[in-house]
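Structural description and commentary
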Amino acid sequence: MRIFLTGGAGYIGSHTLLEVLSHDHEVCVYDDFSNSAPEALARVSHLTNRSFDTVEGDILDRNGIKQALVDFRPDVVVHFAGKKAVGESMAEPLMYYRNNVDGTLSLLEGMNAAGCSRIVFSSSATVYGEPEYLPYDEAHPRAPTNPYGMTKYMVELILNDWCSANAQNTAVLLRYFNPVGAHDSGEIGEDPDDIPNNLMPFVSQVAVGRREKLQVFGDDYDTADGTGVRDYIHVVDLAKAHAAAIGYAETHYGCEAINVGAGQGSSVLEVVRAFEAASGQPVPYEVVARRSGDIAAFYADPAKAKNLLGWQTERGLADMCKSAWNWQRKNPQGYKG
Ligand code: NAD
Ligand code: UFG
């Protein structure tokens, strides 16, 4: 098949690119490199010994994205491109709505023009908001608590309407939980530009000596050890979920939301201990106040992914930490050095 990846140079995109190339698909990556490096694409090409098309472009460029789609004529689009920092979205909501929502409209108009009727979309567990019950299943009410989460929810609604308007259209909404880790080669991984917002890259940078200590945001939650609990998923498992979703989109119509998680949670302190064991390095930490807007615990009911996609996670927390450490150790400054 011909697969078009928006944001394919990013963290999850580059791992999915590697996975789809190993399935012999023809691929075009469309990315403006606003939060990624062309080096990631070079490394994937080297690892797979495969070439693929790359278009440097912005999804907000309506003519540019349309032309790229018309030229490539994809069977399926996987749509990763978007901004993803919760705090930044609260400071600059309009930028988030413009990039994530308007950008998706340009993409869908381009797909219509190119005769492409299938999309796999990077949604997020953040669409659920404060849990009414756990684990979250896909029917859990959607109530995002920040502009970033709202953009994901709005795009889900748009894709639902796009599918309702044409019985040939297909949208698979993958609601990711907490992707972490890296490819086993240590050649590609998560490379935050600034101070990491998320736990695992922060822990990795402490272990490698780039930062002095981790701040644990609260140890007074109603969880076993008082720290926040999340459903961490290995990025390679997540990449395989995309390959399965592409296969599903090929043979089904309509709009389907699917959780992509392991179905169990780990606390912040469990992650710290697992990382110390995997790396052999100490991860000093201090407990500080809760981070505003954080939820105590959430994790997925992953049954639908198993039923519809035949997919489930294969890699546990130890593997996630080991691969994150391997990437960090080999690339202490990320793709820059
Ligand atoms: P990332 O920032 O590493 O990748 C996003 C890619 O999109 C980057 O390569 C960036 O350069 C590109 N991009 C951004 N805006 C663009 C634009 N206007 N035009 C063209 N390219 C653009 O992020 P990621 O972690 O790989 O996340 C991928 C997707 O998954 C995002 O949509 C994100 O919201 C979603 N998601 C991520 C997580 C997570 O924890 N990483 C969790 C849930 C959902
Ligand atoms: N945490 C710390 N210290 C840090 C960073 C995080 O203690 O320096 C804690 C948080 O309080 C939380 C846990 O580690 O308990 C995980 O935090 P992350 O920031 O790694 O992940 P979140 O679940 O808060 O958010 C992530 C993405 C969101 C996405 C959400 C659901 O950042 O974009 O998962 O998919 F919406």
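Before reading further, recall that the structure is shown in the block above.
Let us look at the structure shown here. Keep in mind that this is a model prediction, so the values were computed, not measured.

A look at the sheet that holds strand β2 (residues 26–31)
As summarised here, the arrangement of the seven strands in space is β3-β2-β1-β4-β5-β6-β11, forming an open sheet in which the pairing is parallel. At either margin of the open sheet sits one strand with a lone partner, and together these are β3 (53–56) and β11 (254–260). If you compare each strand with its neighbour and ignore which way they point, the axes differ by 20° on average. With seven bridges joining them, strand β5 (residues 118–124) and strand β6 (residues 170–176) adopt parallel strand pairing. Looking at β6, one finds that R118 is bridged to T170.

Some thoughts on empty space enclosed by the protein
The tally for this structure, following the rule as stated, stands at two cavities of 30 Å³ or more. Empty space within the largest cavity amounts to approximately 130 Å³. The wall of the largest cavity is formed by 18 residues, among which E190, P201, S204, W327 and Q328 lie closest to the centre. Per element, the largest residue contribution to the lining of the largest cavity is four residues, and it comes from helix α7 (residues 199–207). Partitioning the lining of the largest cavity into residue classes produces seven nonpolar, eight polar and three charged.

Considering the site of ligand 2
By nearness alone, 23 residues border ligand 2, and N198, Q215, R230, R291 and D294 come closest of all. Between F177 and ligand 2, the recorded distance is 3.2 Å, taken from a backbone N or O atom to an oxygen atom. Here D294 contributes a side-chain N or O atom positioned 2.6 Å from an oxygen atom of ligand 2. When the free accessible area of ligand 2 is taken as 680 Å², the share hidden by the protein chains comes to 90%. Broken down by element, the residue count for the shell around ligand 2 peaks at four residues, all from strand β8 (residues 214–217). A class-by-class count of the residues in the shell around ligand 2 yields 12 nonpolar, seven polar and four charged.

Considerations on the pairing of β5
Among the seven residues that make up β5, seven are buried, leaving the element largely enclosed by the rest of the structure. Across the two faces of β5 the burial is the same, with R118, V120, S122 and S124 and I119, F121 and S123 all buried. Bridge analysis of strand β4 (residues 76–79) against β5 gives three bridges, and the strand direction is parallel. If you follow V78 over to β5, its bridge partner there is V120. Crossover handedness for the path β5 to helix α6 (residues 147–165) to β6: right-handed.

What about the site of ligand 1?
Around ligand 1 sit 26 residues, and of these D31, N35, S36, F80 and Y148 come closest. Between I59 and ligand 1, the recorded distance is 2.9 Å, taken from a backbone N or O atom to a nitrogen atom. Relative to its unbound accessible area of 820 Å², ligand 1 is 95% covered by the protein chains. For the shell around ligand 1, the secondary structure elements donating two or more residues are α1 (11–22), β5 and α6. Here the shell around ligand 1 gets three residues from one element, more than from any other, and that element is β5.

With respect to the side chain of S204
Assignment of secondary structure puts S204 in helix α7. If sequence neighbours within four positions are ignored, S204 has contacts with F275, A324, W325 and Q328.

Here we look at α6
With 19 residues, α6 extends 27 Å between its outermost C-alpha atoms, agreeing within 8% with the 27 Å of an ideal straight helix rising 1.5 Å per residue. Of the positions making up α6, those classed as buried are P147, Y148, G149, T151, K152, V155, E156, L159, W162 and C163. Of the residues flanking the start of α6, the one acting as N-cap is N146, its side-chain oxygen 3.2 Å from the backbone nitrogen of Y148.

Digging into the packing of aromatic side chains
The geometry of two aromatic rings is summed up by the distance between their centres and the angle between their planes. One pass over the full model with this rule turns up eight aromatic pairs. Over the aromatic face of F202 sits the side chain of R211, whose NZ or CZ is 6.0 Å from the ring centroid. Above the ring of Y221, the side-chain terminus of R290 is found at 4.0 Å from the ring centroid.

Let's talk about the pattern of salt bridges
Inspection of the entire model under this criterion finds 15 salt bridges. The salt bridge partner of E190 is K84, with a shortest N-O separation of 3.9 Å. You can see E190 sitting in the loop between β7 (178–180) and α7 and its partner K84 sitting in the loop between β4 and α4 (86–91), a full 106 residues away along the chain. Under the relative-accessibility criterion, E190 is labelled buried at 16%. One salt-bridge network, in which partners are shared between bridges, spans D24, E26 and R50.

What about the layout of surface pockets?
In this approach the atoms are scanned with a rolling probe the size of a water molecule, which exposes any empty space left behind. Of the volumes computed, that of the second largest pocket is approximately 170 Å³. Breaking the lining of the second largest pocket down by element, the ones donating at least two residues are α6, β6 and β11. It is α6 that contributes the most residues to the lining of the second largest pocket, four residues altogether. Residues of the lining of the second largest pocket, tallied by class, amount to five nonpolar, one polar and six charged.

Rules of the game
Residues numbered from 1 in each chain as written. Chains lettered and ligands numbered in written order. Predicted model: local features only at pLDDT ≥ 70, side-chain atom pairs only at ≥ 80, totals over all residues. Heavy atoms only, no water. Pairing = 2+ DSSP bridges. Helix = DSSP H or I, 4+ residues; strand = E, 2+ residues; numbered from the N terminus. Axes fitted to C-alpha atoms, helices over the stretch in contact; angles between N-to-C directions. 1 Å grid on protein atoms, 1.4 Å probe; cavity = no way out; pocket = protein on both sides within 12 Å on 5 of 7 lines; lining within 4 Å. Points joined across faces, edges and corners; volume = space filled by probe spheres on them. Nonpolar A, V, L, I, M, F, W, Y, C, P; charged D, E, K, R; others polar. Near = heavy atom within 4 Å. Polar contact = N/O pair within 3.5 Å; in protein donor to acceptor, adjacent residues only side chain to side chain. Areas by Shrake-Rupley, 256 points an atom, 1.4 Å probe, with all protein chains shown as cover. Buried < 20%, exposed > 50% of the residue type's maximum accessible area, 1.4 Å probe, protein only. Right-handed = clockwise from strand over helix to strand, strands pointing away. Contact = heavy atoms within 4.5 Å. Expected span 1.5 Å × (residues − 1). Phe/Tyr/Trp six-rings, centres within 6.5 Å; stacked < 30°, edge-to-face > 60°. Lys NZ or Arg CZ within 6 Å of the ring centre and 35° of its normal. Salt bridge = Lys/Arg side-chain N within 4 Å of Asp/Glu carboxyl O.

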